[in-house]
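Fold and geometry: a report
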Amino acid sequence: MTFGCKVNQYETQSLREAWQAHGGVECDEPAAADVVCVNSCAITARGERDARNAVFRLRREAPGARLILTGCAARLFEDFCRHGHEDCVRPDLILPQGDKRLLLAGPWTAQEAAAPAAVCAPAYPPFAISGFRRARPVLKVQDGCQHRCTYCIVPLTRGRCLSRPPEDVIAEARRLLLAGHAEIMISGINLRQYGRDNAAFGDFWSLLRRLDAALAPEFAGRGRFRISSLEPSQLNDEGLDSLMACRMLCPHLHISLQHASQPVLRRMGRGHYTAAMLRHAVERLRPHWPVMGLGADIIAGFPGEREEDVACLLDFVREMPFSYAHVFPYSHRPGTAADRFDGHLPRQVRQERAARVRAAVEGRRQAFWQEQLALPRLWLAADSPAPDQASARRAGTAKGVNEYYVPCVLPAGAHPGRELLAVRPLSVTDKGLLVEALDG
């Protein structure tokens, strides 16, 4: 069971392939399993709570299975037990995120896991995949983060930046494209820090250019890349030139913005960029990408946030061509600097401010979806492998996303498979665009 980010999804797939190579067979139901693994997330209090609740539920559903807890929330499990839950059900093995790589050799016992953990060198974890359960796989190129935003617990759970060798990235991308996957999500914990641990790798932009140069001659038009998340500070001249030069890149950016007010960004430990940097980047990209998807991560209700800060954020959201955003009320994370700040806001205030921002984003999203109807053709990538005809009839529809990251729905019998499918937009629904396949 996997919680959290796309990197976690990637690592779960790597563990799945490794365990199957050792003779394991995946079960549909926990009760039939000999081993159950929970790959957890701790980016928010809710994510941590969901993973812990899953541990308790799975113990009830699979009392005879070996229960393993790993991922970012694993190191926090002991604190959870001490806070009034001493009698809670415990996993058979708790492996913090830094030791997750040990599971590649199989579901270790605690004694077996401890010895290699003590001598494990700090190198890029050897996760790798040859396929993906969904049609649009994740390609992990970087792990860890050393920036230490004041609200974020990730540096405590995933450790320092580790970059994947470019040749390994290119080889895995080629494997996935040859396996029939038409869209690949390039992902990491902090792509801005790619290459900082090894200057020979270059930075993220040099990696993207190398990836495109190696694969575009063979796969451009048949496959595409999407970048999981960037910071506004990365959208400098080199970054924008790289985006415009890449032949396989979707015209879509997801930005780790967090806020638009500079005083709030400084308190977040993110004063190294401004919202104006994103505005400038969008203006420069517009001639090259006349239509582009634009998403963002936003935190509302950060300690010390004032109404004028909220107004600044709302004005920015309404000004920019956002097609969606993930808006979170600030979440207390013990062990972070922000948890010790003055000016914490009541829960209802944080939720109310997040709701206001979501409403502003929703207006932008609806407008963007309507504008898509004027486009004569879109290219659809499926959300999951194509079902057979019987499954398609039962489901009634097939789903995917277009190049702008807008969800699309196809009528039954017109499922896209894994290849890119040319479609025409017909109408806007509450689930996304209703589209039809184009002939030829």
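This text gives an overview of the structure that appears in the document. (Residues numbered from 1 in each chain as written. Predicted model: local features only at pLDDT ≥ 70, side-chain atom pairs only at ≥ 80, totals over all residues. Heavy atoms only, no water.)

Observations concerning the nonpolar core
- Membership of the largest hydrophobic core comes to 72 residues, with the highest contact counts inside it found for Leu-243, Leu-253 and Leu-278.
- If you tally residues by element for this core, the top one is helix α7 (residues 204-219), at eight residues.
- Non-local contacts of Leu-243, meaning those with residues more than four positions away in its chain, are made with Trp-205, Ile-227, Leu-235, Leu-249, Leu-253, Leu-285, His-288 and Trp-289.
- Core analysis: the second largest hydrophobic core is formed by 16 residues, Cys-41, Ala-54, Ala-74 and Phe-77 among them. (Core = buried A, V, L, I, M, F, W, Y, C linked by side-chain atoms within 4.5 Å. Buried < 20%, exposed > 50% of the residue type's maximum accessible area, 1.4 Å probe, protein only. Helix = DSSP H or I, 4+ residues; strand = E, 2+ residues; numbered from the N terminus. Contact = heavy atoms within 4.5 Å.)

What to know about the sheet that holds strand β11 (residues 378-382)
- Ordered in space as β11-β12-β13-β15-β14, the five strands form a closed barrel in which the pairing is mixed. The sheet shows a mean angle of 55 degrees between the axes of neighbouring strands, taken without regard to direction.
- By the bridge criterion, five bridges tie strand β12 (residues 397-401) to strand β13 (residues 407-411) in an arrangement that is antiparallel. Residue Thr-397 lies in a different strand from β13, and its bridge partner there is Pro-411.
- Each of β11, β13, β14 (421-429) and β15 (432-437) is contacted by helix α12 (residues 347-372), which is oriented at about 130 degrees to β14, the strand it contacts most. (Pairing = 2+ DSSP bridges. Axes fitted to C-alpha atoms, helices over the stretch in contact; angles between N-to-C directions.)

Some words on unusual backbone geometry
- Even without being a glycine, Arg-148 presents a positive backbone phi close to 60 degrees.
- One can find Arg-148 in the loop between β4 (138-143) and α5 (154-158).
- For Arg-148, a relative accessible area of 52% puts it in the exposed group.
- Even without glycine at this site, Tyr-405 takes up a positive phi of about 70 degrees.

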